[in-house]
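As a plain string of letters, each chain reads:
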Amino acid sequence: METTDETLAQSAAGGDREAFSLLLRRNYDRLFGLCFRLTGTRADAEDLTQDICAALPAKLNGFRGQARFSTWLYRVAVNAAHDRRRRFASHARAADGWGDWEVNRVAANKETQDGIDWLTQAMSALPQELRDTLALTLEEEMTHREAGEVLGVSEGTISWRMAEVKKHLRALHEKEQKA
């Protein structure tokens, strides 16, 4: 019988390196996929995933087993993405007025996003809470209840957010069709 992720997480929290290694092997690709959808770029997703993996041994002590490990891990990822966004926003505010070089560098980085498919581009245009909701329900195939647990909101809020996502995507599509 295969050991569950929840059991591996408990063992890893107790210092079992093999359990931690197996836990990462099982969940790394899905974690990276979520990070990609939350950040919108491969480089940012790689950085965020590595940050989460580096912090995970200490964070595992907070895993209580009250939810599935994947639900807990997704919550860690969403929180890390929010922290990263806040940190970058703070850095951007601090850099404001420090010259055209930084402004031009940020603009050039945005132009390199041409290779991202339409949905990923559309997701990056969505408000943060809608993007997070879409990433969990669409790509991670979570139910509205599970996504609500990860994001700390009700199932009904997730359903409302998905309706809003559909409106935003439909409007964006119609706008592109007219252009």
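Residues numbered from 1 in each chain as written. Predicted model: local features only at pLDDT ≥ 70, side-chain atom pairs only at ≥ 80, totals over all residues. Heavy atoms only, no water.

K.L.:
When you look at the packing of helix 6 (residues 118-125) against helix 7 (residues 128-139) in this model, what are you seeing that I'm missing?
P.N.:
Angle between the axes and distance between the axes are the two parameters that describe a pair of packed helices. At their nearest, the axes of helix 6 and helix 7 sit 8 Å apart, and the two run at 140° to each other. On the side of helix 6, the interface is formed by Leu-119, Met-123 and Ser-124, while helix 7 contributes Arg-131, Leu-134, Ala-135 and Leu-138. Residues of the contact of helix 6 with helix 7, tallied by class, amount to five nonpolar, one polar and one charged. (Axes fitted to C-alpha atoms, helices over the stretch in contact; angles between N-to-C directions. Helix = DSSP H or I, 4+ residues; strand = E, 2+ residues; numbered from the N terminus. Contact = heavy atoms within 4.5 Å. Nonpolar A, V, L, I, M, F, W, Y, C, P; charged D, E, K, R; others polar.)

K.L.:
So what exactly am I meant to see when it comes to the nonpolar core here?
P.N.:
Nonpolar side chains in soluble globular proteins tend to be buried together. By size, the foremost hydrophobic cluster in this structure holds 41 residues, and its most contacted members are Ile-52, Leu-60, Phe-69, Trp-72 and Leu-136. Mapped onto this core, the elements with two or more residues apiece are helix 1 (5-13), helix 2 (17-39), helix 3 (42-59), helix 4 (69-95), helix 6, helix 7, helix 8 (144-151) and helix 9 (155-178). What Leu-60 contacts, discounting residues up to four positions off in sequence, is Ala-9, Ala-12, Ala-13, Phe-20, Leu-23, Phe-69 and Trp-72. (Core = buried A, V, L, I, M, F, W, Y, C linked by side-chain atoms within 4.5 Å. Buried < 20%, exposed > 50% of the residue type's maximum accessible area, 1.4 Å probe, protein only.)

K.L.:
Before we go on, may I ask you to explain the packing of helix 6 against helix 9 in this structure?
P.N.:
The geometry of helix 6 relative to helix 9 is characterised by a closest axis approach of 10 Å and an angle of 120° between their N-to-C directions. Between helix 6 and helix 9 lies a crossing of right-handed hand. Together, Trp-118, Leu-119 and Ala-122 of helix 6 and Leu-169, Leu-172, His-173 and Glu-176 of helix 9 make up the contact between the two elements. Split by residue class, the contact of helix 6 with helix 9 holds five nonpolar, one polar and one charged. (Left-handed = near helix turned anticlockwise from the far one by under 90°.)

K.L.:
Could you clarify how one ought to interpret the confidence of the model for the chain in this entry?
P.N.:
Segments scoring low in pLDDT should not have their predicted coordinates read at a detailed level. Counting all residues, the mean pLDDT for the chain is 85, and 85% of those residues have values of 70 or more. Of all the helices and strands in the chain, helix 5 (residues 100-111) carries the lowest mean pLDDT, 63, while helix 2 carries the highest, 94. (pLDDT = per-residue confidence, 0-100.)

K.L.:
When you look at the layout of surface pockets in this model, what are you seeing that I'm missing?
P.N.:
If a probe as big as a water molecule is rolled over the atoms, it shows which places are left empty. The calculated volume of the second largest pocket comes to roughly 170 Å³. Those elements that provide at least two residues to the lining of the second largest pocket are helix 3 and helix 4. Of all the elements, helix 4 adds the most residues to the lining of the second largest pocket, at six residues. Tallied by class, residues from the lining of the second largest pocket come to five nonpolar, one polar and five charged. (1 Å grid on protein atoms, 1.4 Å probe; cavity = no way out; pocket = protein on both sides within 12 Å on 5 of 7 lines; lining within 4 Å. Points joined across faces, edges and corners; volume = space filled by probe spheres on them.)

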